[in-house]
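# Chain and residue survey
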Amino acid sequence: MQGLELTTISELVQDCLASGFQAGSAIPLTEGFVSLTQLETKDSTCTIALYSALFALISPLLEPSATQADVQLVADYLSDSLFPALARATGTSDSDYTTLAVRATADILIDVLWQVDQDIDNGAVHYRERTSQVASTSAVTVEDAAMDVDQPTADGTVAPVLDDAATKAADDKRKAEAHKARLEVQKAARKRIADFVNLLMASRALPTQACRERLESTFLALVPLALITDQAFFNRLEVRARTALYYKQQKFNLLREESEGYAKLIVELLSNMGPPHSTTTARSQESEEQRMQRAQNVSDSIKNLIGNFDLDPDRTLDIVLDTFSDQLVDHHQFFLDYLSVSPWSDSKTKDSPAAGERESKGKGKAPVVDVGLGKDRGSYLISQVLGFKFKYYQKAGAEEVPETLYLMTALLIWNDLIKFSDIWPHLSPDDAELAKVDGRYRDEQEQLARSCGGSNALAMAGALVDDDAPRRAPVATAAAAAAAARALPNQKAGLLRALLSIGDVQHAFLILAQYPTLAAANPDICDLLLRLLNVAVAPAYDLIALARVTKGQYLPECNAPRQKFVAPSSSGTKPVKAAPATTHLTGRALGDPNKDELFFFAEWNDRVHKCEDFDQVLSTLETYLPILNVFISRDFPLYTRVCRIIKHDLESSRAPRWQDIIRTHLLPAVSLLDSHAVAALEIWNVLELLTIEKRFTFYGEWKDQLYRKIPALSVRKAEAEREVKGILRRLSTENVKKLGKTLGKAAHTNPVVIFSVALNQVSSYDNLIAPVVEASRYLTPFGFDVLVFSILDALSADRPKTKEDGTSTSLWLVSLADFTGQLYRRWKDLAYSIPTVLKYLVHQLSAGSPKDLAVLHELIRRMAGVEPFADLSDPQVMSLAGGKRMRNEVFNMTDLSQLGKDRQIAAVGVSRTRLSDAVRRSGLANALLISIAVQRQACITSTIAHLKSLGNLYDETHKILFQYMEFLAITLGSTDAFVEELPSVAHLMAHYGLEAGVAFDIARPKLRLMMKVVDDEADSLKRAKLQDRVAAAKAESSSQPTTPGPAPSEGSAPPVDASVGTGAATDADAVMSDAAPAETSAPAAAVDAPPPVPAARAVVAASPKWHPCLRDVISDMRAILPESALETIGAPFYVTYWSLTLADLHTPTDRYAAEVERLSQVRITAAELTTPGSPADKERFRESVKELCNHLLDEQKAQAIVRGKAFRRLFSEKPFWFPQATDKVSRYDVVYDLLQHCILPRAKLSLPDAVFANMFVRRMHAINTPGFQLVIFYDKLFADGQLGPILYQMSENEARNFARFLFDVFSDLNTWFNSEALYAKDAIGVSDKEPAGLLGFRRFATPKAGGDEGPVEYYIHATFKDLVKKWYGRVAQTIADNFASGEYMHIKNSILVMTKVADKFPLHYPAGQLLYAAVETLIRTETREDLRILAQGYKAVLGKRRKQWLDQPPRAPDDASSTAFARRSAAWRGASGALSPGARVQRACPSQWTQVRPSRQARSAWVDDHERTHGEANDFVRPSPHPSPSSPDI
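Residues numbered from 1 in each chain as written. Predicted model: local features only at pLDDT ≥ 70, side-chain atom pairs only at ≥ 80, totals over all residues. Heavy atoms only, no water.

## Notes on the overall build of the chain
Quick note on the threshold: Counting from the N terminus, the helices are DSSP H or I runs at least four residues long and the strands are E runs at least two residues long. Relative accessibility under 20% of the residue-type maximum defines a buried residue, over 50% an exposed one, and the middle range a partly exposed one, all with a 1.4 Å probe and only protein chains included. Only heavy atoms matter for contacts: two residues are in contact if any of them lie within 4.5 Å across the pair. All accessible areas in this document rest on Shrake-Rupley with a 1.4 Å probe, and a residue is counted as covered only by the protein chains that are shown.
Across its full length, the chain carries 69 helices and six strands. Counting only residues that meet the buried cut, the chain has 48% of its 1530 residues in that class. In the chain, 77% of the contacts between residues at least 6 apart in sequence involve partners at least 24 apart. Counting only carbon and sulfur atoms, one obtains 54% of the accessible surface of the chain, whose full area is about 73,700 Å².

Structure (structure tokens):
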């Protein structure tokens, strides 16, 4: 485009010259010149175009044909048209030729005139054309002369030629003429140019002074100009000046030699700086044109001073820079303008060497990152002078580098007056040394972190010095000298600060990209970066700022002036006038907040990219934060803005990138703050939008990686650890309010460190649990969240969770679990994290680690108040047969301690609800339940070597399983959503391999809910039918008068209806009443008496009547049970047995009565108390107790109805349980499988199940179940060698549960043993209602030849007593053998069982003495301390009961029985001391008790032979045909 303009202007010049510069033709040319002049200031190529255009305008004046009129035309055009047009273009008058555009055009015109003068001296084009014509003429003459040259002759000789002298003379003449002509042409052309210049100077278009300075002396001496009067004299002066300049050694006027010139220089600078910058805007108070004019004037004056006083230009520049540095704050713009027009800013004076050349000189390496340094411009000379200034401050003993020097250098780089690459190599230290900053910074932080731990001053002091020892002279070493040397100042970091202060992001990030540690090692650099980041983020934050959301509602209030301070005085209040606010400029970008300061450089934020949306904010943060790292928290307002932006944009597609920023920068940045609760809340507002798994991942990286990776965080970690240890050393329940606040403050910003130390202390010292839990009240939601993570992290730590003995849980885990339980019970803010804890437990169970179940145990115990069944007393066990309120009283007894503690009592209920809601919300209730059950059975196959460890693990898991099931029963048992999600019994047994007892316990709520729905529908149908009957009867009685009879009482059964007699419900109503029978004596207290049976029950339905909801379960059990069990007990009985609970068989009427009586007494006592509590509290407490009593009475009635329904169901089903048990052999088979699959598995499950097992056996006997005899059951239970294997395969808790079962059995046997009346009533059961008696103790006579059986007979009481003695003797012998076996589980479980049943067993002296002798021998021979302690305890219990044994013999020596037992034990063991093969019990511990039962043919033969041999002997229950202890019958 510029070439096209130049061609066009050349054509316009020709047209104007041809037309004589008429007005119409000159206008386009003028416009072209004006456009080129305007572009010349922006593009250097336009200067060349303008130069060429002016040369094209003036060059025609060199033509020989040019006249004086042509000169006048061109001069008039320039002075009258072009220059006025340029003046008008700048907005001034036509005659103002002082504008920059006119002066710039005049300077170019003078250059063109100088070039034209040189062309004239060198020979113009027109002159060469003219001389070519002369030369051609001369050539013709020479050619003509050559024609006269003689030609060779015929003989070959050459004719003589003309004389060369004539030719040479002619040539000299022609040359002289040509030279003369050339001089004439040059003179004429120079004359025209001189006239042209004279005309322009006369019109003031060209400055006369500029022409004198820049045009040649020969041209200036021409007559038209006459600017030099004596050219010869001027030439002599010029020669002298040039000789002095170029050939003489010049001594400049240095400052130390003569100060006048430099003084005038300083005065010139200081007096012409203009007004200082505004203190409100930090900008110059003059316009740009005024400033540039002032700068130009000062530049001209300084040039004069340099010439007049022979000042050194470099020294002059040095003084200018010193003055600039000193006046930087108030006059920096003047000096920048001056340097931009000074000679030193011209890059043509001395180009800077290439980067490669500087690199080769070793001054420093060029920056690695290319940020556009190739576009930098600047003076290499100024850079060198600045470099010498910085070098001065690198000398030893020099003062610190002034900050204004750095700022001045940064401003020069900003304004392209110097290049960054030119000044960088002059700064210290060099790049290799600067790269070591990272290592030194990390070493310093590591040393600081170590020092935060607090060292012993005495240990750090070292050895003491001997005062009398001669002192050695210090030896100077090179290392000491180097250490003593002054380290070079980090001038590169200073330049970086200056660049960031003025907002030069480009060059600042170039440095930081190569040396990012400079930011971490210099916090003020981070602050400067944050200052720029604030500017970048502000526009995007304004989109969501509160001022925008509230539409400026609070802005007037925030911007309102503060109320003046009023000081009190004796005469009233006197206002104190505040000092007027005076803002002043400062060179510190981070000014003093207590002072009203303004940064001197107003354009510092112009080059900072402003973010308009969140995407740009994210990109900007990804640029700044890798350098700032965690130090973004140094500017908390910015930190808050970033957090709020992330909160609004975290749901977008940029979420992964935001999460990276949170994880690596924002979250760890909190650690650098000190007790900053608001920071914790701000980061929590962001973190709560993430999933808890994602949050915990961030916390884990924060704790395990970032605290080690980032040096500043390692220091904060050491400081936080020291602080929290100091707090915990003094923390107690007395000062928890004071120190708890301090602990909470420390946890606001370093929670992972604080809680890690706190949990470690809590795990070691359990007395800290309560204070730390109470101190948690001062935590923020963020602190609570990290606390949950810390708990899970501590639980999953690689620490042994079992003591060294391997038998119990580690104390640290027990304490941590206790802390977790108390923490969750105390603070509801943690409820959201309970599902996470449950998920953790499920994962641990899936990984085969049940030790963490201690946490679940404490959660349920603390929050729900549910204790494990293993720790219950006998009254509590019986109370578990009641409803929810009775069961709640078992675990949370209402007493006077609750008086005035309504809030605490409500908190327990609230915490229970909170836990149940969390379990239901998590959806892990069933998963956790099944996982615990599976792990319970997996414990049996554990790799733990010792049975004691295995048993303890099994017991703990089992205890927590039933505790959790009890909690679910209390809280979620009636919830339809929970029940529907429960798996079926078949699925639990087949898919998970669970035992029947656990599987039915899990699925029982689902079964009972389905049965309740069906039963309610049936009851509704019955009530409707009853109402119809009553209505029909009333109608019939009204039509036919009848004799009135007794009215049916409420709750009585309706009469039997033949039409509905086949229904199960109707049959049950026909045979039983809803009313619960009254409690009987001791045996009846354990088992309720059978309900009265009317005579109508003689007719029963021929088909089985199972509950509709159990038919699918029965069908599934047929596929799971073994074939032998299906043939004997059958799937229906199996399902019925396992589907019932203790509440179905027993209503704890006595416990309800005792509890109501106790609560009534509590209510009376509360009214009589004077303290504690106010009268209102006492009244509320008494009303709550009264209400609880009423609820208990109502609940007792409801439980009685439940029991009545269960009794009717059992009575209706009993004929179909064992239909095949028609002979003795089949009855024995029923007992075998009943013990194996029902009684024994349930008797060891839990204490309530143990009670249920005995009650169910008694209930089967009481309802006269066909095919079942109680005497056979007892005989097989106490068979020879039976209890040994049973006890061996039990754990400690199972043994205690089984002991409760034996206790109830022994209680029944002892009651019947001591009372013949009770034996006849309960065992034989002959009464008016049961004239035939019960089957349990009936003797079956041998059938006669005709098939007729004899009369029905029962075992007399004397025979029963003999049987009891024999059974007790078997038990005693089995226990004694276990004591002598040496097996750990045999001995321990036997002692546990015997201790529990000591009140009921042994009953007579022989068995008791056998046990006493056995335990004495055990104490003497046993080396295991725990067994010896248990044995001593059992011996003490036996000793207390010895006087109560029956059949006491005459007193004998004490050691007789012991000697006999020792002799018998030695015979058992043999010579080697080990058990003989016949006496050894299998050591395998199967998951289910294994039955070894003889074939039916063998059993039948044995029964017949036993009947023939013994007849009516006392041993009517025959011994096992397999007497070997290693193969028991059951």
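## A look at the packing of helix H62 (residues 1292-1314) against helix H63 (residues 1316-1324)
Quick note on the threshold: The convention used is that axes are lines fitted to C-alpha atoms, helices contributing only their stretch in contact, and that angles between N-to-C directions extend from 0 to 180 degrees. Oblique is the label for any angle not under 35 degrees, not over 145, and not in the 65 to 115 range, which are roughly parallel, roughly antiparallel and roughly perpendicular in turn. Throughout this entry, Asp, Glu, Lys and Arg are counted as charged residues, while Ala, Val, Leu, Ile, Met, Phe, Trp, Tyr, Cys and Pro are counted as nonpolar. The remaining residues, Gly among them, count as polar.
Two numbers describe how H62 lies on H63: the axes approach to 5 Å, and their chain directions differ by 125°. It follows from the interaxial angle that H62 and H63 lie oblique. Contacts between H62 and H63 involve Thr1311, Trp1312 and Asn1314 from the first element and Glu1316, Leu1318, Tyr1319, Asp1322 and Ala1323 from the second. Each residue belonging to the contact of H62 with H63 can be placed in one class, and the counts come to four nonpolar, two polar and two charged.

## Let's talk about the pattern of salt bridges
Applicable threshold: Just to be clear on terms, a salt bridge is a Lys or Arg side-chain nitrogen sitting within 4 Å of an Asp or Glu carboxyl oxygen.
The full count for this structure, using the stated rule, is 65 salt bridges. Glu597 is the partner of Arg588 in a salt bridge, and the nearest nitrogen-oxygen pair spans 2.8 Å. Look at Arg588 and you get partly exposed, because its relative accessible area is 44%. Between Arg826 and Glu774 there is a salt bridge whose closest N-O contact spans 3.2 Å. Placement of Arg826 in helix H39 (residues 811-826) and of Glu774 in helix H37 (residues 769-775) is noted, with a sequence separation of 52 residues between them.

## Re the environment of Glu31
Tracing the chain through its elements places Glu31 in helix H2 (residues 23-40). For the pair Glu31 and Leu86, spaced 55 residues apart in sequence, the C-alpha separation works out to 9.3 Å.

## Side note on the environment of Arg1339
Counting through the fold element by element, Arg1339 comes out in strand E5 (residues 1338-1339). For Arg1339, a relative accessible area of 16% gives the class buried. Considered as a pair, Arg1339 and Glu1353 are 14 residues apart in the sequence and their alpha carbons are 5.2 Å apart.

## Focus on the confidence of the model for the chain
Basically, it comes down to this: What pLDDT reports is the predictor's confidence in each residue, on a scale of 0 through 100.
Residue-level pLDDT values for the chain average 79, and 76% of them are 70 or greater. Taken as a whole, residues 1341-1347 scores under 50 in pLDDT and shows three contacts with residues more than four places along the chain or in a different chain.

## Considering a nonpolar patch on the surface
Condition: Any residue with relative accessible area above 30% and no salt bridge may belong to a patch, with like charges joined within 9 Å and the nonpolar Val, Leu, Ile, Met, Phe, Trp and Tyr side chains within 5 Å.
Among the surface-exposed residues, Leu245, Tyr246 and Tyr247 lie close enough to one another that they form a single nonpolar patch of about 450 Å² accessible area. Along the chain, the position of Leu245 falls in helix H10 (residues 231-246). By relative accessible area, Leu245 is classed as exposed at 59%.

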